[in-house]
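One-letter residues, chain by chain:
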Amino acid sequence: MDGVKIRRAKGSKNITTGIVNVLATFNNTKVTFCDARGNVISWSSAGKCNFRGSRKSTAYAAQVVTQDAGRVAMSHGMKEVVVKLNGPGMGRDSAVRALQSLGMIVTEIVDVTPVPHNGCRAPKRRRV
C-alpha cells in the first residue's frame, strides 16, 4: 500500500465526510460508502473482488474489499468517515484497519447489528 495514488474521479462529487456501512456475514463481506444523506458513492463486495467460496468470508477479503471501495470514495474527495459495522463475520475489524491504512480519518465506529429481543423463533440447530 506504499505509494497509493488517488486520482480525482471524472464526475467528482467533492464529498469530504461520509458513512461506511460494513456488512460482515459468515459467507460474505460488503462495504458501502455513502454521503451524510445516505446516497451511495462507492461499494464493493468479496464476490466483486473475485473471491469465491469460503475465501469470501475471510478477514483478508474484507481488507481488499474495503480498499477497493475506499479508493473510489477517496477519488470523490472523502476524507472523514463514520464506520457502521453490521453482522458477526470475521471482516469487521480488518475493514476498519484497512480504512485507516488508506489514510481516511475514522471519527466514529458504531455497531448496528440487529439484536433480537425474543422476537421471532430462532432457526433450528445446525447439524454438522
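What counts, and where the lines are drawn
- Residues numbered from 1 in each chain as written.
- Predicted model: local features only at pLDDT ≥ 70, side-chain atom pairs only at ≥ 80, totals over all residues.
- Heavy atoms only, no water.
- UniProt positions renumbered as here; feature names shortened; annotations may be inferred.
- Pairing = 2+ DSSP bridges.
- Helix = DSSP H or I, 4+ residues; strand = E, 2+ residues; numbered from the N terminus.
- Axes fitted to C-alpha atoms, helices over the stretch in contact; angles between N-to-C directions.
- Contact = heavy atoms within 4.5 Å.
- Phe/Tyr/Trp six-rings, centres within 6.5 Å; stacked < 30°, edge-to-face > 60°.
- Buried < 20%, exposed > 50% of the residue type's maximum accessible area, 1.4 Å probe, protein only.
- Lys NZ or Arg CZ within 6 Å of the ring centre and 35° of its normal.

Under an unreviewed UniProt entry, the name given to the protein chain is Small ribosomal subunit protein uS11, and the organism recorded is Thalassobacterium sedimentorum. The Sequence similarities (unreviewed entry) field of the UniProt record for the protein chain holds the comment "Belongs to the universal ribosomal protein uS11 family." What UniProt states about the protein chain under its Function (unreviewed entry) heading is, verbatim, "Located on the platform of the 30S subunit, it bridges several disparate RNA helices of the 16S rRNA. Forms part of the Shine-Dalgarno cleft in the 70S ribosome."

Draft legend 1. Quick look at the pairing of strand β2 (residues 29-34). One ladder, built from six bridges, connects strand β1 (residues 17-24) with β2; its direction is antiparallel. Bridge pairing links V20 to F33 in β2. Connecting β1 to the next strand, β2, in antiparallel fashion are four residues. Relative to strand β3 (residues 40-45), β2 is paired through five bridges, and the arrangement is antiparallel. From the neighbouring strand, F33 faces β3, where its bridge partner is S42. A loop of five residues connects β2 with β3, the two strands running antiparallel in sequence, and G38 in this loop sits at a positive phi of about 100 degrees.

Draft legend 2. Broad picture of the sheet that holds β2. The strand order across the open sheet built from five strands is β3-β2-β1-β4-β5, with neighbouring strands paired in mixed fashion. A single partner strand is all that each edge strand has here, and the edge strands are β3 and β5 (105-111). On average, each strand axis in the sheet is inclined to that of its neighbour by 15 degrees, with strand direction left out of account. Packed onto the sheet, helix α2 (residues 92-102) meets β1, β2, β4 (80-86) and β5 and runs at close to 170 degrees relative to β4.

Draft legend 3. Representation of the packing of aromatic side chains in the model. Taken as a whole, this structure holds one aromatic pair when the rule is applied. Between F51 and Y60 the ring centres are 6.0 Å apart and the planes differ by 80 degrees, which places this aromatic pair in the edge-to-face class. Residue class for F51 comes out buried when judged on its relative accessible area of 5%. Classification of Y60 as exposed rests on a relative accessible area of 52%. Here the basic side chain of K48 rests over the ring of W43, its NZ or CZ set 4.4 Å away from the ring centre.

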